[in-house]
Structure formats: structure tokens, C-alpha cells
Amino acid sequence: MRILSKRQVKELVLYSPQHTRLEKAGQFPKRVQLGSNRVGWVEDEVLECRV
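It should be emphasised that the depicted structure is a prediction, and the values quoted were computed from it without experimental measurement.

1. Re the nonpolar core
Formed by L4, V9, V13, Y15, F28, W41 and V46, the largest nonpolar core amounts to seven residues. Among all residues touching Y15, those that are not within four sequence positions of it are K6, V9, K10, T20, E23, F28, R31 and W41.

2. A short note on the sheet that holds strand 1 (residues 3-4)
Strand order in this open sheet of three strands is 1-3-2, and the pairing throughout is antiparallel. Taken across any chain shown, the strands that pair with only one partner, and hence form the sheet edges, are strand 1 and strand 2 (32-35). Pairing of strand 2 with strand 3 (residues 38-42) involves three bridges; the strand directions are antiparallel. Residue pairing across strands places V32 opposite G40, the latter belonging to strand 3. Across the sheet, helix 3 (residues 43-50) lies against strand 1 and strand 3, angled at about 60° from strand 3, the strand it touches most.

3. Let's talk about the environment of R7
Tracing the chain through its elements places R7 in helix 1 (residues 6-12). Note on R7: relative accessible area 61%, which makes it exposed. Residues R7 and G40, 33 residues apart in the sequence, show an inter-C-alpha distance of 9.7 Å.

Each value, and the rule that gives it
- Residues numbered from 1 in each chain as written.
- Predicted model: local features only at pLDDT ≥ 70, side-chain atom pairs only at ≥ 80, totals over all residues.
- Heavy atoms only, no water.
- Core = buried A, V, L, I, M, F, W, Y, C linked by side-chain atoms within 4.5 Å.
- Buried < 20%, exposed > 50% of the residue type's maximum accessible area, 1.4 Å probe, protein only.
- Contact = heavy atoms within 4.5 Å.
- Pairing = 2+ DSSP bridges.
- Helix = DSSP H or I, 4+ residues; strand = E, 2+ residues; numbered from the N terminus.
- Axes fitted to C-alpha atoms, helices over the stretch in contact; angles between N-to-C directions.

The analysis is restricted to geometry; functional conclusions fall outside its scope.
In C-alpha cells, the structure reads:
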């Protein structure tokens, strides 16, 4: 399992502030809390969402 940073997610999909709403609606993978000020996304889930 690989965790992607926001920058890496932006390279795979056109990530925008709207994705926060899509996460809440279950239409985009939820972020994973990595630290107090850092989040990431599971690569497999992001790639699956792209299809």
C-alpha cells in the first residue's frame, strides 16, 4: 500500500477544493491522517477512482 501526497494526487487527477465535497459524498477516496498537519490518499483507491 502506497500513500500519495496532495501533489502526487494532483498529478494523477485534476484535484481541486471540490474534492473535499466529493470525499464527503463518497465519490472520491477519503484522505488518511498521517500526522497532525499531514494527510495522504491510498494510491490504489485514487487510481480506482480515475477509471
